[in-house]
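Fold and geometry: a report
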Amino acid sequence: MAVIGKVITRQFRLSLRWPLINRKQRAYSIFGSKSSSSRTYTLNKEVKSIPLLFVKNFCTLNRHTKVMGALSPLDPSSFSRPEFAVIKHIDLSYKVDFEKKILHGTSVLTVQVLDYIEDLILDTNNLIIERIEMKDGTPLNYKLDDPVPNFGSKLTITLPQSAAPEQKLQIKITYSTVPSATALQWLDPNQTSGKKHPYLFSQCQPVHARSILPCQDTPAVKFTYEAEVTAPEEFTVLMSAIRGESKGNKTSFSQPVPIPSYLLALAVGVLESRRLGPRSHVWSEKDEIEQSAWEFAETEKYLQAAERLCGPYQWTQYDLLVLPPSFPYGGMENPCLTFVTPTLLAGDRSQADVIVHEIMHSWTGNLVTNRNFEHFWLNEGFTVFLERKVAASLIEDQVEAKKSRDFESILGLQELSETVISNLGVDNPLTRLVPDLNNTHPDDSFSRVPYEKGSLFLRYLEDLIGGPAIFDEFLRSYLNHFQRKSIDTDQFKDYLLNYFKDNEKLSQVDWDTWFFKNGMPPIIPDYDTSMTKSVKSLLEKINEPITNYSFSDVRSFSPHQMINLLQSLIDQDPLPLDKLNELGDVYKISKSKNTEITYRWLRLCIKSKDETKLSDVFAFINLQGRMKYVRPIYRDLYAWEDVRDRAIENFLKNEPYMMHVTAYTLRKDLHLSE
């Protein structure tokens, strides 16, 4: 954790050696000098009240933090203070209780002290703390503050004596989760394809790890971990780690590469697996296993292509887990075990770009990580950029490869345009590449902006500097220099400028506009549009007053060209119903098994107010929980006033079966919560 010890501490170092104030008087709140209630657990004297003078002085030292509403100086979404002490390793034990829908946990935290401290601050969210002690059994006092909505509670552990820099501590915490833990989804048997057994999976990104273990829930902190999970014998247990021995009802895991807390992952279900390659398996329930093995059979080819660009894969194994349909994302890049949605099972491998995207996270995001989620583009923008480069590298003809890469970028630009102009609005501060997340939950900032605006920015830099041959060397240097660290945008910029210190073209970059201004990017790269010409030609034909449709119009279209056509239709005025239905039938769109096509087709039906398609729309959003699909569709339904109440009723009926992040964001989309 050199980045914390050597870089961060220089900016935020605050000595804790006040000789006139004892350790029990050093409780504080960053939300002002007004006292707030909290729960204090002490083994001797009652904690004293906070001296007003101390609160005033402390808040003066942290004026920016208090005024801006951040939870801590380094990360607006975390209470923890890793500039003083940082978790380096966790020994984790879980017992899975399907009946009560809770995890019984024990965590032994190995903490490296960076400054003089008398307590350790961790993030929690609705955890039931049973006891906290040193690893040798010495009991520790602790205080659990009242929760901050959506962020959880600050846990302050009082050390038995002051700790000094370079000292290592081992603290053991025994606790349990609650059934509503935001990182977990507990599925009843009827929510699984097998219909016989329950299922459990996690989603800790961005800040939900604190609901399954007390931790420094900020990507600034990376730790290794060992784990042992107890579950019924007929269940398979998987984690974001190398799977060790499975004996009886216990399975062990080891993750020797440091990870941020959001990459901790757990899944427990009755699963089968198939080998995909020398370092990969795919896991799923029995009903999906053969289709999954076929769909993802080229995983090793993608891994090798990624290594040619980025260097050796450092995580040993790369497995895939096809989750039940309620999983809220296309994929989640958990190390050693990528989670994917079953909506990728298109039957034609046309959604392989999602797998390439998750593979690229093995370098950008997992090895080089954003320091907090204000710099999320360093994870996602880089990954989209690399994903398209790697996918293009698999095409032998270099001219066709560039056309394909640029076409994928144009599709991304379409999504970015809809997000910025139609959904968020061009003046929304969340359209910035580096947004201010003080008082904003990272879940609320999730959009295509960091993905597509970030990727477009990198493409702009690549073209400006001299093209892929030059920029690829920089990418490898950047990944090698910052691997296993967490960084921010300034560190990226400084490294880029130093690497290309003799390249005068970088003086043209308007850094402030790119990073901190609202709206669309200031410059759009000169993409090759040859693959869009046939789509544009057909679009003109469709928009003519009288049109004769023929399947030959789209016979040669790739799935992505069909997506481009449908997205272009979404972006324009709605088609008359008779015209839309004829188009759907003749072009065989309405019967497509590709969810990317089905999703856009159903949105077109909503925009044209086709009431006969509402049953299909509700079936689609009720059968899967991928936010990329369900959020825009629910927003479209809300905008259709005649069906708004029906959409809200449908959501409320299905909300109990959704994962927390899906329900949380849909409530806001439907204006049911602020």
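Because the structure is predicted, anything quoted here is derived from the model rather than measured.

Remarks on the layout of surface pockets
Here the second largest pocket defines a volume of roughly 1000 Å³. When residues of the lining of the second largest pocket are traced back to their parent elements, those giving at least two are α17 (595-607) and α18 (614-623). If you tally residues by element for the lining of the second largest pocket, the top one is α18, at six residues. Residue composition of the lining of the second largest pocket, by class: 17 nonpolar, 17 polar and seven charged.

A short note on the confidence of the model for the protein chain
Averaged over all residues, the pLDDT of the protein chain equals 91, while 90% of them reach at least 70. Considering only residues more than four positions removed or in separate chains, one finds that residues 42-68, a stretch of pLDDT under 50, has 44 contacts.

Topic: the packing of helix α5 (residues 299-310) against helix α7 (residues 377-393)
In the contact formed by α5 and α7, the axes pass within 9 Å of each other and the chain directions differ by 115°. Judged by the angle between their axes, α5 and α7 are roughly perpendicular. Crossing of α5 against α7: the hand is right-handed. Listed contacts from α7 to Tyr302, Ala305, Ala306, Leu309 and Cys310 of α5 are Leu386, Lys389, Val390 and Ser393.

A word on the sheet that holds strand β14 (residues 250-259)
Read across the sheet, seven strands follow the order β5-β8-β3-β2-β11-β14-β13 without closing on themselves; strand pairing throughout is mixed. Both outer strands of the open sheet, β5 (128-134) and β13 (242-247), are each paired with one neighbouring strand and no more. Across this sheet, the average inter-strand angle for adjacent strands is 15°, counted without regard to direction.

Description of helix α16 (residues 577-586)
The α-helix advances 3.6 residues per turn, and as a result positions three or four apart in sequence lie on the same side. Lys579, Leu580, Leu583 and Gly584 are the residues of α16 that are buried. Within α16, the buried residues cover an arc of 130° as seen down the axis, which keeps them to one side. Looking at α16, the residues exposed on the side facing more than 90 degrees away from the buried face are Asp578 and Asp585. Packing partners of the buried residues in α16 comprise α14 (533-542), α15 (559-570) and α17. The positive-phi residue at the C-terminal boundary of α16 is Lys588, with phi of around 60°.

Rules used in this analysis
Residues numbered from 1 in each chain as written. Predicted model: local features only at pLDDT ≥ 70, side-chain atom pairs only at ≥ 80, totals over all residues. Heavy atoms only, no water. 1 Å grid on protein atoms, 1.4 Å probe; cavity = no way out; pocket = protein on both sides within 12 Å on 5 of 7 lines; lining within 4 Å. Points joined across faces, edges and corners; volume = space filled by probe spheres on them. Helix = DSSP H or I, 4+ residues; strand = E, 2+ residues; numbered from the N terminus. Nonpolar A, V, L, I, M, F, W, Y, C, P; charged D, E, K, R; others polar. pLDDT = per-residue confidence, 0-100. Contact = heavy atoms within 4.5 Å. Axes fitted to C-alpha atoms, helices over the stretch in contact; angles between N-to-C directions. Parallel < 35°, antiparallel > 145°, perpendicular 65-115°, else oblique. Left-handed = near helix turned anticlockwise from the far one by under 90°. Pairing = 2+ DSSP bridges. Buried < 20%, exposed > 50% of the residue type's maximum accessible area, 1.4 Å probe, protein only. Arc of directions from axis to C-beta.

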